Amino acid sequence: MAVHFLHTSDWHLGQFFHNHDREFEHRHFLSWLLEQIKQKQPNALLIAGDIFDVINPSSSAQKQLYQFLTSAHTLAPHMQTLMIAGNHDSGYRIEQVEPFLAKFNARAIGVISRKENNQLDLDRLMVPIYSPEQKILAWCLALPYLRSAEITGLNEHTSSNQSAIAYLHRQLIAEAKARKQPDQALILMSHAHMQGGETSDSERPIVVGHEEALSTALFEDGIDYVALGHLHKPQKVGQEHIRYSGSPIPLSFSELNYKHQVVEVRIDPMQSDEQRFQYEPLIIPRTVDLLRIRADLNDLIDQVKALPNGEIEQLFARHFLEIEYTTTAPPPVDLRQQIEQALPPNRYRLLRISRIYQQVADSSMHISKIDLAPPTPESLFGNLWEKMGYDPDDSVKRDFLQLLHEAQQDIDVQQP
C-alpha cells in the first residue's frame, strides 16, 4: 500500500518584508493548502523547518499555525502533521505545545535529546506514518536543525560537528532499517543546506564546524525520499528523491521568479523502481507580486507610468516594487517624488530605489541603494569591512558566520 504525503517547508510565519507584514499572503497560502488537504486526503503533511521567521514569533504568527492545524485536522482527521524546527525556529518553543498538537494528530520535533546514559534518543526521531486503518505505511526520520551542543561529545565518534552529523545519520538510518518491514517506506526530513543546492539572498547561512553545506552521501540508498527545508527554491539535489520543496511565498526579490510549490509524493515500496515513486508539484497561487524595474534614468519614469493600473483597496494586498536605474549623471534630488507621482495610484508598495552606474576605470558595477529594511548581522559586517578598506576573503566570512551561528545557538539554548 502506497504512502501519500505533502512536503512543504520554510513558511516563515510572521515575516516582515521591508517593514511590511506578510500575514495576508500567508493566510491565502494556508487557505489554499487546506483546500489541497481536503481534496487529496494525504496520510501526512511534512513541514521541514523554519515554520516561523524568528525564534520568538508574534502571537498572531503562532495563532496562524495553530488555527491551520485545527482546521487541517477537521478536514482530514486521519492525516498526521509532522514538523521539525529550522534554524529560524526555537526547537524548545515548538515542542512546548506537544499536548495541544497531539489532539490534532500533529507532532513537532524541535531538538535532539539524549537518554540518561548520554546516548542519542533515536526513538523520538522516528515517527510512524499510518494509514486510516492504523497500518504503518512508512517511517519518517525527523531531523531538526542540528545544533552542535545537542549532538557533539556523545562518544569518540562525535568529537566534531561533522563527525557527529555523520554518526547521527548512520545510527538513525540503521535503526530505521532494522524496524521497517518490506512494505514500509523510509522518509528522512531534515533542515539543512546540502551541497549543490541553489540559494537565494534570503536564507540565513547555516555554518556547522566551519562547513556550510552537507553532502548527500549522508543519505543511504535505503532512504526512499528526503524532504528538505532551508533553501527557498524548489529543487532536486543530485537525485530525483532528494528535494527542497521551497518556501510558499517569495521572501526576497531574488525569489521573484520562483515557482513556489508544495510537493505531493506517493511511494509504493512493493513496486519496481520505475513505478515506486510519483511526484507532483502543486503550484501555489501568488496573491502579492514582487516586481522589479531596471531602466536607464531617462526611460525610468515612462516605464513606471506603463505599469499595470487598477487600485487595490487594502494596503497589505498591494504588490511590492523595486526600482533599479542606471545613470552617468547625478539623479535629481526629487527622484523618489517623481517616481511616486508616476506610479499608478494605490496599487504598489515602493520598497527600494537602487542606483547602478558603470565605473569606467575598472569596469566594475557599483549599486547604491535606498533601503528601509533593517540591517542583518552579515550586512553590517560586510559594510564595516568595506568602510575600513578591506575585502574579506572566504575564510574571514566563514569565521564570522561561525561566531554568528554560535551566538544564535546560545540564544536558542536560553529559550524556556
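Here the residue numbering is sequential within each chain, running from 1 through the sequence in written order. Confidence filtering applies because this is a predicted model: local features only for residues at pLDDT of at least 70, side-chain atom pairs given and counted only at 80 or more, and all residues used for totals across whole chains, interfaces and linings. Calculation of side-chain values draws on the structure's entire complement of heavy atoms; hydrogens and water are dropped beforehand.

1. Section: empty space enclosed by the protein
The following threshold applies: A cavity, in this analysis, means grid points on a 1 Å lattice covering only the protein atoms where a 1.4 Å probe fits yet has no way out; a pocket is instead an open set bounded by protein on both sides within 12 Å along at least five of seven lines, and a residue lines either one if it has an atom within 4 Å of a point. Grid points are joined across faces, edges and corners, and a volume is the space filled by probe spheres set on the points. The residue classification treats Ala, Val, Leu, Ile, Met, Phe, Trp, Tyr, Cys and Pro as nonpolar and Asp, Glu, Lys and Arg as charged. All others, Gly included, are polar.
One pass over the full model with this rule turns up two cavities of 30 Å³ or more. In this structure, the second largest cavity encloses a volume near 30 Å³. Around the second largest cavity, the lining residues are Phe 52, Leu 65, Tyr 66, Met 83, Ile 94, Val 97 and Leu 101. Residue classes in the lining of the second largest cavity are distributed as seven nonpolar, no polar and no charged.

2. Topic: the sheet that holds strand S11 (residues 235-237)
Definition in use: The criterion for strand pairing is that DSSP finds at least two bridges linking the strands in question. For helices the rule is a DSSP run of H or I covering at least 4 residues; for strands it is a run of E covering at least 2, with both sets numbered from the N terminus onward. Axis lines are fitted to C-alpha atoms, over the contacting stretch for helices. Their N-to-C directions set the angle, which ranges from 0 to 180 degrees. The contact criterion used is simple: two residues touch if any of their non-hydrogen atoms lie within 4.5 Å.
The strand order across the open sheet built from six strands is S7-S8-S9-S10-S12-S11, with neighbouring strands paired in mixed fashion. Strand pairing shows two members of the sheet lacking a second neighbour, strand S7 (126-130) and S11, which therefore form its edges. Averaged over all pairs of adjacent strands, the angle between strand axes in this sheet comes to 30 degrees, irrespective of strand direction. Pairing of strand S8 (residues 136-143) with strand S9 (residues 185-191) involves six bridges; the strand directions are parallel. Bridging across to S9, Leu 143 finds its partner in Ser 190. Along the sheet face, helix H6 (residues 161-179) touches S7, S8 and S9 and points at about 170 degrees away from the line of S8.

3. A look at the pattern of salt bridges
Note the threshold: We define a salt bridge as a contact between a side-chain nitrogen of Lys or Arg and a carboxyl oxygen of Asp or Glu at a distance within 4 Å. Summary of the burial criterion: residues with accessible area below 20% of their type's maximum are buried, those above 50% are exposed, and those between are partly exposed, where the area comes from a 1.4 Å probe applied to protein chains only.
For the coordinates displayed, the defined rule picks out 15 salt bridges. Between Asp 224 and Arg 276 there is a salt bridge, and its shortest N-O distance comes to 2.8 Å. Remark: Arg 276 occurs in helix H7 (residues 273-276) and Asp 224 occurs in the loop between S9 and strand S10 (225-229); sequence separation between them is 52 residues. Residue classification places Arg 276 among the buried positions, given a relative accessible area of 17%. A salt bridge links Arg 266 to Glu 264, with the shortest nitrogen-to-oxygen separation between them at 3.9 Å. You can call Glu 264 buried: its relative accessible area is 8%. Connected through shared salt-bridge partners, Lys 40, Glu 264 and Arg 266 make up one network.

4. Considering H6
The test is simple: Expected span, for any helix, means 1.5 Å times one less than how many residues it has.
Between its terminal C-alpha atoms H6 stretches 27 Å, which fits the 27 Å expected from 19 residues at 1.5 Å a residue. Every buried residue of H6 is listed here: Asn 161, Ala 164, Ile 165, Tyr 167, Leu 168, His 169, Leu 172, Ile 173 and Ala 176. Considering only its buried residues, H6 is in contact with S7, S8, helix H5 (148-151) and S9.

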